Amino acid sequence: MRTTRVYSQLATTAIAPQVATNNTALVSSVIDTANATEVTFYINNGTLADTDATFTVLVEDDDASGFGTGAAVADEYLVPVESSASYTFAEDAKVRTIAYTGPKRYVRLTITPANNTGNAPISAICILSGLRTQPAAINS
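Chemist: Talk me through the environment of Thr112; I want residue IDs and the actual numbers.
Modeler: Inspection of the secondary structure puts Thr112 in strand 10 (residues 106–114). Given a relative accessible area of 32%, Thr112 falls into the partly exposed group. Along the primary structure Thr112 and Leu58 are separated by 54 residues, whereas in three dimensions their C-alpha atoms are 8.1 Å apart. Once you skip the residues sitting within four places of it in the chain, Thr112 turns out to touch Asn23, Ala25, Thr54, Phe55 and Thr56.

Here it is, written out as structure tokens:
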């Protein structure tokens, strides 16, 4: 009987902590999902100063790291769907999650503010789960 060892999880920064002061999209680093069964993004926001700002979450995937043919991920590969991970100014100091289980090797997260003229502290980490090989440190 052959067994396969699973190396639990690996965390990496997706969007470094920053303060959004306008409507410029915050795009994560490209995450290589090789050897992972699931990728979960954890979006952390601080106190959101603007009283009508909204933040739309988008997950894209591609077979190439350059995202030349990247596209929005189909809902069937996301838990929850992107609209459930999006948030408004009323959700200070909350953590939102969205997981990707799709077939493509590369994935990235985009958070796009709208109506944002105040300070919006935002960061995101990514957890790769169910790794089938021992990962190299990617947060050095």
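Read on, since the account is not over.
Chemist: Please provide a residue-by-residue account of the nonpolar core, values included.
Modeler: Grouped together as the largest cluster of nonpolar side chains are 30 residues, with contacts concentrated most on Phe41, Leu109 and Ile122. Counting residues per element, the ones that place at least two in this core are strand 1 (9–20), strand 4 (38–45), strand 5 (54–62), strand 9 (95–100), strand 10 and strand 11 (120–129). Looking at this core element by element, the count peaks at 5 residues for strand 11.

Chemist: Give me the packing of aromatic side chains: which residues, what numbers.
Modeler: Applying the stated rule across the entire model yields 1 aromatic pair. Residues Phe55 and Tyr87 carry aromatic rings whose centres are separated by 4.9 Å and whose planes lie at 15° to one another, so their mutual orientation is stacked. You can see Phe55 sitting in strand 5 and its partner Tyr87 sitting in strand 8 (residues 87–88), a full 32 residues away along the chain. The exposure classification of Phe55 matches that of Tyr87, with both residues buried. One cation-aromatic arrangement involves Arg108 over Phe67; the distance from NZ or CZ to the ring centre is 4.1 Å.

Chemist: Kindly report on the sheet that holds strand 9, identifying the contributing residues and their values.
Modeler: Within a sheet, neighbouring strands are paired by backbone hydrogen bonds and run either parallel or antiparallel to one another. Read across the open sheet, the 5 strands follow the order 1-11-4-9-7; overall the sheet is antiparallel. Each of the sheet's edge strands pairs with one partner strand only, and the pair in question is strand 1 and strand 7 (78–79). Here 2 bridges tie strand 7 to strand 9, and the two strands are oriented antiparallel to one another. The residue of strand 9 that forms the bridge with Leu78 is Tyr100.

Chemist: Requested: an account of the side chain of Arg96, with residues and values cited.
Modeler: Along the chain, Arg96 falls in strand 9. Of note is the side chain of Arg96, whose polar atom sits 2.5 Å from the backbone oxygen of Ser84. Those residues within four positions of Arg96 in sequence are excluded, and the remaining contacts are Phe41, Tyr42, Ile43, Ser84, Ala85, Ser86, Tyr87 and Glu91.

Chemist: An account of a nonpolar patch on the surface is requested, with residue identities and associated values reported.
Modeler: A surface patch of nonpolar side chains, about 250 Å² in accessible area, is lined by Tyr42, Val95 and Ile125. Tracing the sequence through the fold places Val95 in strand 9.

Chemist: Kindly report on the side chain of Asn116, identifying the contributing residues and their values.
Modeler: Checked against the element boundaries, Asn116 lands in the loop between strand 10 and strand 11. Looking at Asn116, the relative accessible area reads 3%, which means it is buried. In terms of polar contacts, Asn116 uses its side chain to reach the backbone carbonyl oxygen of Asn22, at 3.1 Å. Ignoring any residue separated from it by four or fewer positions in sequence, one finds Asn116 in contact with Ala20, Thr21, Asn22, Asn23, Asp50, Ala53 and Phe55.

Chemist: Provide a residue-level description of the environment of Thr51, including the pertinent values.
Modeler: Within the secondary structure, Thr51 sits in the loop between strand 4 and strand 5. Sequence separation between Thr51 and Phe89 is 38 residues; the distance between their C-alpha atoms is 5.7 Å.

Definitions and cut-offs
Position labels on residues start from 1 in each chain and follow its written sequence. Under the rules for a predicted model, residues below a pLDDT of 70 receive no local features and side-chain atom pairs below 80 are neither given nor counted, while totals for whole chains, interfaces and linings still include all residues. With hydrogens and water set aside, each side-chain value is computed from the structure's full complement of heavy atoms. Secondary structure follows DSSP: runs of H or I at least 4 residues long count as helices, runs of E at least 2 residues long count as strands, and numbering of each begins at the N terminus. Summary of the burial criterion: residues with accessible area below 20% of their type's maximum are buried, those above 50% are exposed, and those between are partly exposed, where the area comes from a 1.4 Å probe applied to protein chains only. Contact criterion: two residues are considered in contact whenever any of their non-hydrogen atoms come within 4.5 Å of each other. Here, the term nonpolar core denotes a set of buried Ala, Val, Leu, Ile, Met, Phe, Trp, Tyr and Cys residues that are joined through side-chain atoms within 4.5 Å. For Phe, Tyr and Trp, where Trp contributes only its six-membered ring, two rings pair if their centres lie within 6.5 Å, and the inter-plane angle classes them as stacked under 30 degrees, edge-to-face over 60, or tilted in between. Two thresholds decide whether a charge sits over a ring: the Lys NZ or Arg CZ must be within 6 Å of the ring centre and within 35 degrees of the ring normal. Two strands are said to pair when DSSP picks up at least two bridges between them. The definition of a polar contact used here is a pair of N or O atoms within 3.5 Å, where within protein one atom must be able to donate a hydrogen and the other to accept one, and adjacent residues in sequence count solely through side-chain atom pairs. Distance thresholds for patches are 9 Å for like charges and 5 Å for nonpolar side chains (Val, Leu, Ile, Met, Phe, Trp, Tyr), applied to residues having over 30% relative accessible area and no salt bridge. Accessible surface area values rest on a Shrake-Rupley calculation with a 1.4 Å probe, where residue burial reflects the displayed protein chains alone. Basic side-chain nitrogens of Lys or Arg form a salt bridge, by our definition, when they fall within 4 Å of a carboxyl oxygen of Asp or Glu.

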